[in-house]
Amino acid sequence: MSNEKAAELLAAVRAVESGERSATSFFNEPAARPPSSSGPRAQPGGPESGAAGGRTGARAAAVPPPGRTERSGRQDGPVTVPEGVRALLAEGGAPEGLAQRVTETLGEGAESVLRADPWQLLAVPGVLPEQADGFARALLGDEAGPGDPRRAVALVVRLLERAALRGDTVLTPDALGRGLAGHAVPDPEEALRQAVDAGAVLVFEDALDAGPVPSAMSESDVEEEERPVTLLVGLDRYALAEESLADGLARIAGTFGSAETAGGRAGGTADAADPAEAADAEDSAEAADAEDRARAGAAGTDDGWAAVAESAPTSSARELIRAVAGNGLVTHTGGEASRAEVAAVVVAARALGLRAALLTHTDEGRERMARLIADHPASRPDNHPDSTPDGDGPDDGGSDDGGPENGAPDNDAPAPDCATVAAVLAGTEGPERDADGALLVDLLAVCDAPQLDAETAAALLEALPDGSRLLLSGDPGVLGAAGPGEVFGDLLAARYCPHVASRTPDPGPIGELVSGVGIGELNQVAAPGKEVVIVPVADPGEAVHRTVQLVKDSVPRALGVPSAETQVITPGHGGSAGTRALNAALKEQLNPGPGRFGGFDPGDRVAHSPAPGRTRIGTVASADADGLRLACGDHRVTVPPERVPETVRHGWAVTAHQAAGIRWPAAVVVLPGDATKALTREWVYTAFGRGERHLSVVHGAGDALPRAVASAAARERTTRLRTLLTESARAAEAARAAETAETTGAAEAADG
């Protein structure tokens, strides 16, 4: 965007924000959006969050473009397609099979929507810009030109939606301009202005400088010397998600006074909170929850946390427990072995009588964490102070009464909940909720935090009650969230809260190999027990043959790991050695059949993905008129017939993105020569880390593998959360400075 256009846009923005012009005078579509039901909870005494970057126009003015409807989710059953929609699609030359998706996306009024704006067809999943252009030309004739404002709005929205699939919540005007130019839009700058005028997108100006937020007394001086800003453009849904998330993180960070140092600590932890401060923080909880909070307030003292920290099995676990004791929000990083430290925190909280819950990204991860908690020394019913914990923990078990003082669980405390994030947000698993919908927890620990996208994280923070603690843990080396946002990475980069880096290495040859990949080194590791095996191949056909041989014969025979516990991972679905080709070959050998249930047979391994970023590996149990019945661990899922083609694939071979958060006894990673462009350090790190006991690498990528490992980290996503958090911390710091100055001035005046 040119400087003149940017200046014009910002002038209009400031006119709206200053009250000189109304928001409705700036936008062509002034219809107000109902207030969001997912706004942040009130935050008594927490950091300010209002100083985080400006945005154009009022929230009420940010409505979808005409005809674009917002849907809460895909309907469970098929919708009734009006005959008018079928007739309109036929008139526009679109296939009749598109009618179902058009009605699901645009609603019952799809016909009138498309009559008024044929380019709204781009909102339908799977429709390409060229197809929407052809549809518009068939309906509008010569009127359907490349510079049509309706086309401009639809293309801007599409580019932002496509960016969201890559993980971005916003884009720069320059990036949007390049995308629009690629679709033959004659004036990309004008097209972007039209999208803003229509209320289809929002424009933000985020500060670039690192200086502190000035106090209110110096605001007039600052207006003369403007702070440098960058312009970003985004969709309303992701803007609301990131702003709500930033508010929620600020609220939780202020639970025990840690907001006073938010943004000021990096790479270390705070000392445990003062007993009086911790008690005051607990006493400030909601009156309706007072009885339950009393127990948490009594337990959350320095003495109690110090005792359970000393009984932790490793030094990293002790450090993490101390950090959680004195802070509302803590981040924790480490490999697979560091999950035991998160389990130790949950066990410690339970020992103090706190309500603790632990969430993971996958069902398999939930089961692993439940086992770690159950196997923790302090969780065992026969725990005795004379017992010696494993690792580098102290030998002294504490007092002889077996109570909370020595880290033993309080028999009256509830067992910690282990659930997946998706199940908790859906209300099917996890902690109970109060009348306001808040989770009844004192501590929420979330593993696999890199898999949190902005909207999921915002919903999770909204469900946390005031006065609770949040521990976000994960391995920053793995592939990121499937949805838009880089929540964990932004939180770490903003240095917003205390952080603990685990010093516990992942064990064995696989752990050594994966740790090297994480720092850009592809090392040869000693594997006396055949823990790591490299299988060179010349072409994709040989890669498929050797993969089937490994899964069916070699791994079960040499290592005793059955085929059912071996997972194949490959870069993509297509190609000569993608998931489709590999699954076809594996099915023929492992579970041959005619595919009588929509291509599936009982006993087939499948990957069920009900939503982007959520994959369950299971087997086909049966099928009937209700749909395909799957057994996914301890869950039984029935997939309606109309949903099977788009949500269920054969699952002997999956992508690394689908495998994130899951581990198997053995993994076979396929690196065909025709998929080398997909290799990144994060991909290799994630794929190689999926095997617990054995890793076979079917290697046909040549030098592309070491180059991918040695290359810099993957593309950084374009988001606003880091700026929002940084500005929030600066605003809180300025407010505290002003309060201190006022207090000091009052004291001096009193002395005078």
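Residues numbered from 1 in each chain as written. Predicted model: local features only at pLDDT ≥ 70, side-chain atom pairs only at ≥ 80, totals over all residues. Heavy atoms only, no water.

**Student:** Can you tell me about the pairing of strand S9 (residues 469–474), naming the residues and giving the values?
**Tutor:** The buried fraction of S9 is high, at 6 of 6 residues. Side-chain alternation along S9 places Arg469, Leu471 and Ser473 on one buried face and Leu470, Leu472 and Gly474 on a second face that is also buried. Pairing of strand S5 (residues 329–333) with S9 involves 5 bridges; the strand directions are parallel. By the bridge assignment for S9, Val330 is matched with Leu471. (Buried < 20%, exposed > 50% of the residue type's maximum accessible area, 1.4 Å probe, protein only. Helix = DSSP H or I, 4+ residues; strand = E, 2+ residues; numbered from the N terminus. Pairing = 2+ DSSP bridges.)

**Student:** Lay out the packing of helix H15 (residues 315–326) against helix H16 (residues 339–351) with the relevant residues and their values.
**Tutor:** Viewed as axis vectors pointing N to C, H15 and H16 meet at an angle of 50°, and their least axial separation amounts to 9 Å. In terms of orientation, H15 lies oblique with respect to H16. Viewed along their axes, H15 and H16 form a crossing whose handedness is right-handed. Side by side, H15 and H16 meet where Ser316, Ala317, Leu320, Ile321 and Val324 of the first sit next to Glu341, Val342, Ala344, Val345 and Ala348 of the second. (Axes fitted to C-alpha atoms, helices over the stretch in contact; angles between N-to-C directions. Parallel < 35°, antiparallel > 145°, perpendicular 65-115°, else oblique. Left-handed = near helix turned anticlockwise from the far one by under 90°. Contact = heavy atoms within 4.5 Å.)

**Student:** Help me get a handle on helix H4 (residues 99–106), residues and values and all.
**Tutor:** Most of H4 sits out of view: 6 of its 8 residues are buried. Of the residues making up H4, those classed as buried are Ala99, Val102, Thr103, Glu104, Thr105 and Leu106. Buried residues along H4 sit in contact with helix H3 (83–91) and helix H5 (110–116). Positive backbone phi, approximately 85°, marks Gly107, located one or two places after H4.

**Student:** Break down the sheet that holds strand S16 (residues 635–639) for me, with residues and values.
**Tutor:** What the 5 strands build is an open sheet, ordered S16-S15-S14-S13-S17; its pairing is antiparallel. Single-partner strands in this sheet number two, and they are S16 and strand S17 (648–650). Strand-to-strand twist in this sheet, taken as the mean axis angle between neighbours without regard to direction, amounts to 40°. Pairing analysis gives 3 bridges linking strand S13 (residues 605–611) to S17, with the strands arranged antiparallel. Bridge assignment links Val606 to a residue of S17, and that residue is His650.

**Student:** For unusual backbone geometry, give the residues involved together with the corresponding values.
**Tutor:** In this model, Ala184 sits at a positive phi of 65°, which is unusual for a non-glycine residue. Among the secondary structure elements, Ala184 is positioned in the loop between helix H8 (173–182) and helix H9 (188–197). With a phi angle near 50°, Arg495 is a residue other than glycine that sits in the positive phi range. For Arg495, the position within the fold is in the loop between helix H20 (487–493) and strand S10 (499–501).

**Student:** Report on the packing of aromatic side chains, specifying residues and quantitative values.
**Tutor:** What the rule picks out here adds up to 0 aromatic pairs. Here Arg720 stacks its cationic end above the ring of Phe204, 4.0 Å away from the centre of that ring. (Phe/Tyr/Trp six-rings, centres within 6.5 Å; stacked < 30°, edge-to-face > 60°. Lys NZ or Arg CZ within 6 Å of the ring centre and 35° of its normal.)

**Student:** Account for the side chain of Thr105, with residues named and values stated.
**Tutor:** Positionally, Thr105 belongs in helix H4. Residue classification places Thr105 among the buried positions, given a relative accessible area of 15%.

**Student:** Tell me about the sheet that holds S9, residues and numbers included.
**Tutor:** The sheet built from 6 strands is open, its strands ordered S7-S6-S8-S9-S5-S10 with parallel pairing. Of all strands in the sheet, those bounded by a partner on one side alone are strand S7 (417–420) and S10. Strand-to-strand, the axes of this sheet are offset by a mean angle of 20°, without reference to chain direction. The pairing of S5 with S10 spans 3 bridges and is classified as parallel. Directly across from His332, in S10, lies its bridge partner Val500.

**Student:** Give a description of the pattern of salt bridges that names residues and reports values.
**Tutor:** Taken as a whole, this structure holds 33 salt bridges when the rule is applied. Across the salt bridge formed by Glu310 and Arg322, the nearest N and O atoms sit 2.4 Å from each other. Here Arg322 lies in helix H15 and Glu310 lies in helix H14 (residues 302–310), a separation of 12 residues in the sequence. Measuring nitrogen to oxygen at the nearest pair gives 2.9 Å for the salt bridge that ties Glu429 to Arg366. Of this pair, Glu429 sits in the loop between helix H18 (421–426) and strand S8 (443–446) while Arg366 is found in helix H17 (residues 363–375), placing the two residues 63 residues apart along the sequence. A network of salt bridges, in which partner residues are shared, links Asp363, Arg366, Glu367, Glu429, Arg616 and Asp634. (Salt bridge = Lys/Arg side-chain N within 4 Å of Asp/Glu carboxyl O.)

**Student:** Before we move on, could you go through H15 and cite the residues and values that matter?
**Tutor:** Here H15 contains 12 residues, and its C-alpha end-to-end distance of 17 Å stays within 8% of the 16 Å for a straight helix at 1.5 Å per residue. The buried count for H15 comes to 10 of 12 residues, which makes it a mostly enclosed element. Within H15 the residues assigned to the buried category are Ser316, Ala317, Arg318, Glu319, Leu320, Ile321, Ala323, Val324, Ala325 and Gly326. (Expected span 1.5 Å × (residues − 1).)

**Student:** Give a description of the environment of Ala164 that names residues and reports values.
**Tutor:** Here Ala164 is to be found in helix H7 (residues 149–165). The residues contacting Ala164, other than those within four sequence positions of it, are Tyr238, Gly483 and Pro484.

**Student:** I'd like a rundown of the environment of Glu682, residues and numbers included.
**Tutor:** Looking at the element boundaries, Glu682 is found in helix H26 (residues 681–688). Using a relative accessible area of 12% as the deciding quantity, one classes Glu682 as buried. Spatially, the C-alpha atom of Glu682 lies 8.6 Å from that of Val517, the residues being 165 residues apart in sequence.

**Student:** Can you break down the packing of helix H22 (residues 540–559) against helix H23 (residues 579–590) residue by residue, with the values?
**Tutor:** One way to put it is that H22 packs onto H23 with a least axis distance of 10 Å and a crossing angle of 40°. As summarised for this structure, H22 and H23 are arranged oblique, according to the angle between their axes. The element H22 and its partner H23 pack so that their crossing is right-handed. When H22 is examined against H23, the residues Val544, Thr547, Val548, Val551 and Lys552 are found in contact with a partner set consisting of Leu582, Ala585, Leu586, Gln589 and Leu590. Each residue belonging to the contact of H22 with H23 can be placed in one class, and the counts come to 7 nonpolar, 2 polar and 1 charged. (Nonpolar A, V, L, I, M, F, W, Y, C, P; charged D, E, K, R; others polar.)

**Student:** Explain the confidence of the model for the protein chain to me, and be specific about the residues and the numbers.
**Tutor:** Per-chain confidence: the protein chain averages 81 in pLDDT, with 75% of residues scoring 70 or above. Every residue in residues 384–414 scores below 50 in pLDDT, and together they form 51 contacts with partners more than four places removed in sequence or on other chains. (pLDDT = per-residue confidence, 0-100.)

**Student:** I'd love a proper account of the side chain of Arg469, names of residues and values included.
**Tutor:** Position of Arg469 relative to the elements: it lies in strand S9. At 2.9 Å, the side chain of Arg469 and the backbone oxygen of Ala325 are in polar contact. (Polar contact = N/O pair within 3.5 Å; in protein donor to acceptor, adjacent residues only side chain to side chain.)

**Student:** Go over the nonpolar core with me, naming the residues and quoting the values.
**Tutor:** Judged by nonpolar contacts, the single largest core of 50 residues is most densely connected at Leu89, Leu98, Val102, Leu121, Phe135, Leu160 and Val201. Among the secondary structure elements, those contributing two or more residues to this core are H3, H4, H5, helix H6 (129–140), H7, H8, H9 and strand S4 (229–234). Residues in contact with Leu98, not counting those within four places in the same chain, are Leu89, Leu121, Val124 and Val127. Residues Ala357, Leu472, Leu725 and Ala729 belong to the second largest nonpolar core, which totals 38 residues. (Core = buried A, V, L, I, M, F, W, Y, C linked by side-chain atoms within 4.5 Å.)

**Student:** Residue-level account of the pairing of strand S12 (residues 566–569), with values.
**Tutor:** Residues of S12 alternate between two faces, with Thr566 and Val568 on one and Gln567 and Ile569 on the opposite face, all of them buried. When S12 meets strand S19 (residues 664–671), the two strands line up parallel, connected through 4 bridges. What sits directly across from Val568, in S19, is Val668. In the sheet, S12 pairs with strand S18 (residues 653–654) via 2 bridges, with the strands oriented parallel. Each bridged residue has a counterpart across the sheet, and for Ile569 the counterpart in S18 is Val654.

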